[in-house]
Amino acid sequence: MTKNVLFIMCDQLRYDYLGCAGHPFLKTPNIDALAARGVRFDRTYVQSPICGPSRMSTYTGRYVRSHGSSWNNFPLRVGEMTLGDHLAPLGVRTALCGKTHMTADIEGMKRLGIDPASQIGKRISECGFEVWDRLDGLHPTGGKKPSHYNDYLRGKGYDVENPWEDVANAAEDADGNILSGWLMQNADKPARIAEEHSETPYSTTRAIEFIEDAGDQPWCLHLSYIKPHWPYIVPAPYNDMYGAEHVQPVVRSGAEKENAHPVLAAYFEHRFSKVFNREEVRERVIPAYMGLITQIDDQIGRLMTWMDERDISKDTLIVFTSDHGDYLGDHWLGEKELFHEQSVRVPLIVVDPSKEADGTRGSVLDDLVEAIDLTPTFVDWFGAEPRPHILEGRSLLPLVRGEKPQWRTAVISEYDYSMRRARRILDHPVGDCRLTMVFDGRWKYIHAEGFRPMLYDLESDPSEFRDLGGSPAHEGERDRLSALHARWARGHHNRVTVPDARISGRKGGELAKGIIVGFWDEAELEEARLHGESGN
């Protein structure tokens, strides 16, 4: 039997915007079917609520404080082991189809004499993946270098300078004038592109082509959709599939603005937050966001049907998740980046085709899961021994197979806001623009360097309206979680070259090597040798 992994990740998909997660209007029958075939982990948290750092943690199985890529386009340093590095020795072909947000450490490669254009240089540059098809999206004219997707669109007859921006992510008025998809007032209009040529179907087609190309070799395919990330615009028929009547009531309270934590107050001032305070924005953007999700669902249905018909699914571990959420106006915020559930919590479905997982199919588990658990899960699936001195997550397969392993009691997420306007508003040192969340399933504690902490009790306040970070009555909870945070921060995270087992099984030592330290005379030395001592 050839084992495979299909690792599906959406970009900016909230945990609660799926039918199987309880959304009353959103149609996601194919993702729901995956949940029925496997396990849905209901409390899954990313290690940073923004694209690049979140993905670097997922691909390395390590916290942001460990790999160091703390914001978008901060390079992942040379030497960090990624998913492909763990799977290559197992004979697994690890490939990318879609987005990674990876930025190569070109300076580090030059320092080490590694040619970025060489085979090893390309792998390092692409986060350890074989690039079958990289499509990160966001290719504005004059911005990022044009994507190969633009060449694909020109080959389909879209003969403009930048078809990504002017066709796939634009609409037009009755007179044929182009209406930018960047502008939220156009979110209710259909994109100018034929649906089958838009980004999500394109990536699905390319994924199918990879699986055909892989043949009998074990593979791990990262199918990484760039939607429902903005620009919030979608082709027909998805553009008007949902309307204002399907928009859920906004989750926010005036109490959140009273004596708001300085960092939160600064985020209220960001343009992307202010625009989502307008109801007409939500009534146009959210239906488009939902349409993008249903388009993803339809394409997953297409892919699953294709795999089932070819009997591929029975040997394939399937994972569906997201890199972070989207506030969509909740908590007076837009975008993501802070630690409310809408931003830091993501959907996660794991379909294990093995018989050992039959007893949990269709179940929903509330164990605290981190995105860094995925790489150890894939390593475990392919039968390799865990490497906990490198991988800071843990395999989910025991949970999927109904076992009850000793599990974590809290999850961690980190964010560096130094690149945002909030730093300038606060006039805060770059090195101190650090937030760390510790969540134990009830209490959510957020360490904010240079400021008081934030604290939320999700049992009595599930909407996270009341910040108890300054409450005298909750000092004990803050101290407890602060101690947990400190213990995590002090923990081992950089000794990646020597595993614990090698240390605990070490024999010989200085004395065996002829290095004599700490002895008074020959008699003491002889006694130590007689008793098999290794040294200090």
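Before any of the text, the structure's been laid out above.
This text gives an overview of the structure that appears in the document. Predicted, not measured: the structure shown is a model, and the values here were computed from it.

1. A short note on the overall build of the chain
Reasoning step 1: Looking only at helices and strands, the chain has 20 helices and 17 strands in total.
Reasoning step 2: The C-alpha atoms of the chain give a radius of gyration of 25 Å, which matches the 24 Å a tight globule of 536 residues would have.
Reasoning step 3: C-alpha atoms of the chain, sized along the principal axes, occupy 100 × 60 × 50 Å.
Reasoning step 4: Within the chain, the proportion of its 536 residues that are buried is 56%.
Reasoning step 5: Contacts spanning at least 24 positions in sequence make up 72% of the contacts within the chain whose residues lie at least 6 apart.

2. Some thoughts on the state of the cysteines
Reasoning step 1: As enumerated under the stated definition, the model contains 0 disulfides in all.
Reasoning step 2: Free cysteine C97: the closest other cysteine sulfur is in C220, separated by 13 Å.
Reasoning step 3: C433 carries a free sulfur, and the closest cysteine sulfur to it, the one in C51, is 20 Å from it.
Reasoning step 4: When its relative accessible area of 0% is taken as the criterion, C433 is described as buried.

3. Quick notes on the environment of E337
Reasoning step 1: Turning to its location among the elements, E337 is positioned in the loop between β9 (316–322) and α13 (341–344).
Reasoning step 2: On the basis of relative accessible area, E337 is assigned to the buried category, the value being 0%.
Reasoning step 3: Beyond its immediate sequence surroundings of up to four residues, E337 is in contact with P49, I50, Y267, F272, S343, Y415 and R420.
Reasoning step 4: Within the structure, E337 has its side chain in polar contact with the side chain of Y267 (distance 2.8 Å).

4. Quick notes on the pairing of strand β11 (residues 348–351)
Reasoning step 1: Because side chains alternate across β11, one face comprises the buried residues L348 and V350, and the other comprises I349 and V351, equally buried.
Reasoning step 2: Pairing analysis gives 2 bridges linking strand β2 (residues 39–41) to β11, with the strands arranged antiparallel. The partner of V39 across the bridge, within β11, is V350.
Reasoning step 3: One ladder, built from 4 bridges, connects β9 with β11; its direction is antiparallel.

5. Things to note about the environment of E527
Reasoning step 1: Considering the arrangement of structural elements, one finds E527 in helix α20 (residues 522–530).
Reasoning step 2: Considered as a pair, E527 and W71 are 456 residues apart in the sequence and their alpha carbons are 57 Å apart.

6. As for the packing of helix α1 (residues 29–37) against helix α12 (residues 279–309)
Reasoning step 1: Where α1 meets α12, the closest approach of the two axes is 7 Å, and the angle between their N-to-C directions is 50°. For the element pair α1 / α12, the angle class is oblique. Taken together, the residues of α12 that come into contact with α1 (itself represented by P29, N30, I31, L34 and R37) are D297, D298, I300, G301, M304 and D308.
Reasoning step 2: Residue classes in the contact of α1 with α12 are distributed as 5 nonpolar, 2 polar and 4 charged.

7. Considerations on the nonpolar core
Reasoning step 1: Ranked by size, the top nonpolar core spans 46 residues in total, and within it L6, Y17, I211, L221, I300 and F320 carry the most contacts.
Reasoning step 2: Looking at this core, the elements that each hand over two or more residues are β1 (4–11), α1, β4 (93–98), α9 (199–214), β8 (219–228), α12, β9 and β11.
Reasoning step 3: It is α12 that provides the largest number of residues to this core, a total of 13 residues.
Reasoning step 4: Each residue touching I300, except ones within four places of it in the same chain, is listed here: I8, N30, I31, L34, Y225 and F320.
Reasoning step 5: Within the second largest apolar cluster, 35 residues are counted, among which are Y59, V369, F378 and V379.

8. Topic: the packing of aromatic side chains
Each aromatic ring pair is characterised by the separation of its centres together with the angle its planes make.
Reasoning step 1: Tallied over the full model, the rule gives 14 aromatic pairs.
Reasoning step 2: Consider the rings of Y59 and F129, whose centres lie 5.2 Å apart with planes at 90°: the pair is edge-to-face. Placement of Y59 in helix α2 (residues 51–60) and of F129 in the loop between α6 (119–125) and β5 (130–134) is noted, with a sequence separation of 70 residues between them.
Reasoning step 3: Ring plane angle 70° and centroid distance 5.6 Å describe the contact between W132 and F210, whose orientation is recorded as edge-to-face. Of this pair, W132 sits in strand β5 while F210 sits in helix α9; the two residues are 78 residues apart in sequence, bridging distant segments of the chain.
Reasoning step 4: For F210, a relative accessible area of 0% gives the class buried.
Reasoning step 5: These aromatic residues form a ring-pair network of at least three members: Y17, Y232, F276 and Y289.
Reasoning step 6: Directly above the ring of W488 sits R65, whose terminal nitrogen or CZ lies 4.4 Å from the centroid.

9. Concerning the sheet that holds strand β17 (residues 454–457)
Picture the strands of a sheet paired through backbone hydrogen bonds; they go either parallel or antiparallel.
Reasoning step 1: Ordered in space as β14-β15-β16-β17, the 4 strands form an open sheet in which the pairing is antiparallel. In this open sheet, the two edge strands, each paired with only one partner strand, are β14 (411–416) and β17. With strand direction ignored, the average angle separating the axes of adjacent strands in the sheet is 15°.
Reasoning step 2: As defined by bridge partners, strand β15 (residues 434–439) adjoins strand β16 (residues 443–448) across 5 bridges and the pair is classed as antiparallel. Directly across from L435, in β16, lies its bridge partner A448.
Reasoning step 3: Each of β14, β15, β16 and β17 is contacted by helix α17 (residues 475–490), which is oriented at about 65° to β16, the strand it contacts most.

10. Thoughts on α12
Reasoning step 1: Between its first and last C-alpha, α12 extends 45 Å over 31 residues, near the 45 Å set by a 1.5 Å rise per residue.
Reasoning step 2: Here α12 lies mainly inside the structure; 22 of its 31 residues are buried.
Reasoning step 3: Positive phi shows up at D311, right after α12, with a value of about 60°.

11. Let's talk about the packing of α9 against α12
Reasoning step 1: For the pair α9 and α12, the least separation of the axes is 9 Å and the interaxial angle reads 20°. On the basis of their axis angle, the class for α9 and α12 is roughly parallel. Classified by chirality, the crossing of α12 by α9 is right-handed. On the side of α9, the interface is formed by T200, P201, T204, T205, I208, I211 and E212, while α12 contributes Q295, I296, Q299, R302, L303, W306 and M307.

12. What about a negative patch on the surface?
Reasoning step 1: On the surface, a cluster of negative charge is made up of D521, E522, E524, E526, E527 and E533.
Reasoning step 2: By the element assignment, E533 lies in the segment after α20.

13. A few points about the pattern of salt bridges
Reasoning step 1: Inspection of every chain in the model, using the stated rule, returns 45 salt bridges.
Reasoning step 2: In this structure, R154 engages D151 in a salt bridge whose closest nitrogen and oxygen atoms are separated by 3.0 Å. Residue R154 and its partner D151 are both found in helix α7 (residues 148–155); the two are separated by 3 residues, about one turn of the helix.
Reasoning step 3: Using a relative accessible area of 52% as the deciding quantity, one classes D151 as exposed.
Reasoning step 4: Note that R452 and D467 form a salt bridge whose closest N and O atoms lie 3.0 Å from each other. A residue pair is termed long-range when its members are at least 10 positions apart, and R452 in the loop between β16 and β17 and D467 in the loop between β17 and α17 qualify at 15 residues.

Cut-offs applied
Residues numbered from 1 in each chain as written. Predicted model: local features only at pLDDT ≥ 70, side-chain atom pairs only at ≥ 80, totals over all residues. Heavy atoms only, no water. Helix = DSSP H or I, 4+ residues; strand = E, 2+ residues; numbered from the N terminus. Rg over C-alpha atoms; globule rule 2.2 N^0.38 Å. Buried < 20%, exposed > 50% of the residue type's maximum accessible area, 1.4 Å probe, protein only. Contact = heavy atoms within 4.5 Å. Disulfide = S-S within 2.5 Å. Polar contact = N/O pair within 3.5 Å; in protein donor to acceptor, adjacent residues only side chain to side chain. Pairing = 2+ DSSP bridges. Axes fitted to C-alpha atoms, helices over the stretch in contact; angles between N-to-C directions. Parallel < 35°, antiparallel > 145°, perpendicular 65-115°, else oblique. Nonpolar A, V, L, I, M, F, W, Y, C, P; charged D, E, K, R; others polar. Core = buried A, V, L, I, M, F, W, Y, C linked by side-chain atoms within 4.5 Å. Phe/Tyr/Trp six-rings, centres within 6.5 Å; stacked < 30°, edge-to-face > 60°. Lys NZ or Arg CZ within 6 Å of the ring centre and 35° of its normal. Expected span 1.5 Å × (residues − 1). Left-handed = near helix turned anticlockwise from the far one by under 90°. Patch = residues over 30% accessible without salt bridge, like charges linked within 9 Å, V, L, I, M, F, W, Y side chains within 5 Å. Areas by Shrake-Rupley, 256 points an atom, 1.4 Å probe, with all protein chains shown as cover. Salt bridge = Lys/Arg side-chain N within 4 Å of Asp/Glu carboxyl O. Lys, Arg positive; Asp, Glu negative; His and termini not counted. Charge placed at Lys NZ, Arg CZ, Asp CG, Glu CD.

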